Amino acid sequence: MATPASAAPMTFTHVPHPAPMAPDVRAEILANPGFGTAFSDHMVSILYDEGKGWHSAEVVPYGPIPLDPAAAVLHYAQEIFEGLKAYRLADGGIALFRPEANAARFNASAERLAMPTLPEGLFTRAVEELVKADKDWFPTVEGGSLYLRPFMFASEAFLGVRPSKQYRFLVIASPAGNYFKSGAPAVSLWVSDYSRAAPGGTGAAKCGGNYAASLVPTAEAFARGHDQVLFLDAVERQWIEELGGMNLFFVFADGTMVTPPLGGTILPGITRESLILLAREEGLTVREERYSLAQWQADATSGKLTETFACGTAAVVTPVGKVTSSTDSFVIGSGGPGQLTQKLRQRLVSIQRGEAADTHGWVHRIG
């Protein structure tokens, strides 16, 4: 349900937190933030009503939100979200990485779930307002960042299968360190017998239901000693799609790379798109084409395939060292991070943190 942009920029009301986190407690959190377990002092809230559009933009103290027991999100799962990071730059400034791409993907998800779109400028402004309000929440650990979670849900109280007429958009922030906690040089994958998404479904939308469906297979992977779950296609059960929350790349000895193509069942990752462009700038041939599990194992065994890595906003670029299914197991390369994986990761991170030239205009400075 598309909604027109407002005629004038929206004004944000700021409500300071009456009791922000004590500096010493905050410092302890920022020294060892983990991922997604601590949250900054404030959040952004914007309301939507059918016929009125978006209104009541606020930066308010982080805290519980009122929700009617009949709220549509609780019964019909109209909910979408995004994930992006704010970085401290080499010169001390603050920047976002490609927020306009997150805004566009957010709206694509909204349209798939019959929700109102949010003007892309308002999406970016909301994120900026929160980062400015909580600029003291950047982790002090090496590689730390401020993870930002914009999300929207149906808030109208009613029972009936139709799109809601009321929504709430919020942005929260969480200081973030390393995504994976195993400490291994490369992650281990478990090939699931479950399907993540089917053709014609919501696989390309970033909605909570997709992730809820992945919890059982992810728990199965953890129980077997693996770091992440790998999903195959839902039809032929042979083509590699993605992990529980990341896209995959395959690197071959001849210097070429392959990544599964987008087709409605795979989330169009912003990190994925960025890495394709960076790899091509390095002179590599990158093909977006189907790649089967059987071929992956054969190529890894023969040495034709030398590296595999996963990518996403939270984990950035993560090498894959081992793959196990109910029938087979194989190691990729030496089982550790490959040279190209490390090179691409370093180049991407250097751009994000203002340590390398940004020739694509990806770095969005806030201050």
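Cut-offs and rules
Residues numbered from 1 in each chain as written. Predicted model: local features only at pLDDT ≥ 70, side-chain atom pairs only at ≥ 80, totals over all residues. Heavy atoms only, no water. Axes fitted to C-alpha atoms, helices over the stretch in contact; angles between N-to-C directions. Helix = DSSP H or I, 4+ residues; strand = E, 2+ residues; numbered from the N terminus. Parallel < 35°, antiparallel > 145°, perpendicular 65-115°, else oblique. Left-handed = near helix turned anticlockwise from the far one by under 90°. Contact = heavy atoms within 4.5 Å. Nonpolar A, V, L, I, M, F, W, Y, C, P; charged D, E, K, R; others polar. Buried < 20%, exposed > 50% of the residue type's maximum accessible area, 1.4 Å probe, protein only. Polar contact = N/O pair within 3.5 Å; in protein donor to acceptor, adjacent residues only side chain to side chain. Core = buried A, V, L, I, M, F, W, Y, C linked by side-chain atoms within 4.5 Å. Salt bridge = Lys/Arg side-chain N within 4 Å of Asp/Glu carboxyl O. Phe/Tyr/Trp six-rings, centres within 6.5 Å; stacked < 30°, edge-to-face > 60°. Lys NZ or Arg CZ within 6 Å of the ring centre and 35° of its normal.

This paragraph deals with the packing of helix α3 (residues 99–112) against helix α4 (residues 120–133). One way to put it is that α3 packs onto α4 with a least axis distance of 9 Å and a crossing angle of 120°. In terms of orientation, α3 lies oblique with respect to α4. Handedness of the crossing formed by α3 with α4: right-handed. Counting all contacts with α3, which are made through P99, E100, N102, A103, A104, F106 and N107, the residues of α4 involved are E120, F123 and T124. For the contact of α3 with α4, the residue count by class is five nonpolar, three polar and two charged.

Turning next to the side chain of R196. On the secondary structure map, R196 appears in the loop between β9 (187–191) and α5 (208–223). Overall, the relative accessible area of 10% leaves R196 in the buried class. At a separation of 3.1 Å, a polar atom in the side chain of R196 contacts the main-chain carbonyl oxygen of G203. Among the polar contacts listed, one links the side chain of R196 to the side chain of E242, at a separation of 3.4 Å.

Ranked by internal contacts, the top residues of the largest apolar core, which has 43 residues, are I46, W54, V131, L148, M152 and F169. The element that contributes the greatest number of residues to this core is α4, accounting for six residues. Excluding residues that lie within four positions of it along the chain, F169 makes contacts with V44, S45, I46, W54, F106, L118, F123, A126, P150, F151 and M152. Counting 23 residues, the second-largest nonpolar core is a separate cluster that includes V187, F252, L305 and A315.

A few words on the pattern of salt bridges. Here the structure, examined in full by the defined rule, presents 12 salt bridges. Close ionic contact of D91 with R365 constitutes a salt bridge, the shortest N to O distance being 3.0 Å. Of this pair, D91 sits in the loop between β5 (84–88) and β6 (94–97) while R365 sits in strand β18 (residues 363–365); the two residues are 274 residues apart in sequence, bridging distant segments of the chain. For R365, a relative accessible area of 45% corresponds to the partly exposed category. A salt bridge links R287 to E289; the nearest nitrogen and oxygen atoms lie 3.2 Å apart. Assessed through its relative accessible area of 31%, R287 is described here as partly exposed. Residue classification places E289 among the partly exposed residues on the basis of a relative accessible area of 32%. What emerges from the salt-bridge pattern is a single network uniting E281, E282, K343 and R347.

For any two aromatic rings, the description comes down to two numbers: the centre-to-centre distance and the angle of the planes. Within the structure shown, the criterion is met by 15 aromatic pairs. Each ring, one from F249 and one from F309, has its centre 5.0 Å from the other, and the planes form 15°; the classification is stacked. Linking F249 in strand β12 (residues 247–252) with F309 in strand β15 (residues 305–312), this pair joins segments that are 60 residues apart in sequence. For the pair F249 and F309, one class covers both residues: buried. Every member of this aromatic cluster is reached through a ring pair, and the members are F250, F252, Y291, W296 and F330. Taking NZ or CZ as reference, R162 lies 3.8 Å from the ring centre of F158, over its face.

Two numbers describe a pair of packed helices, the interaxial angle and the distance between the axes. Orientation of helix α6 (residues 270–281) relative to helix α8 (residues 339–352), taken along the N-to-C sense of each, is 110°, at an axis distance of 10 Å. On the basis of their axis angle, the class for α6 and α8 is roughly perpendicular. Here the hand of the crossing between α6 and α8 comes out right-handed. Here T271, S274, L275, L278, A279 and E281 of α6 come into contact with α8, specifically with L344, R347, L348 and I351. For the contact of α6 with α8, the class distribution of residues is six nonpolar, two polar and two charged.

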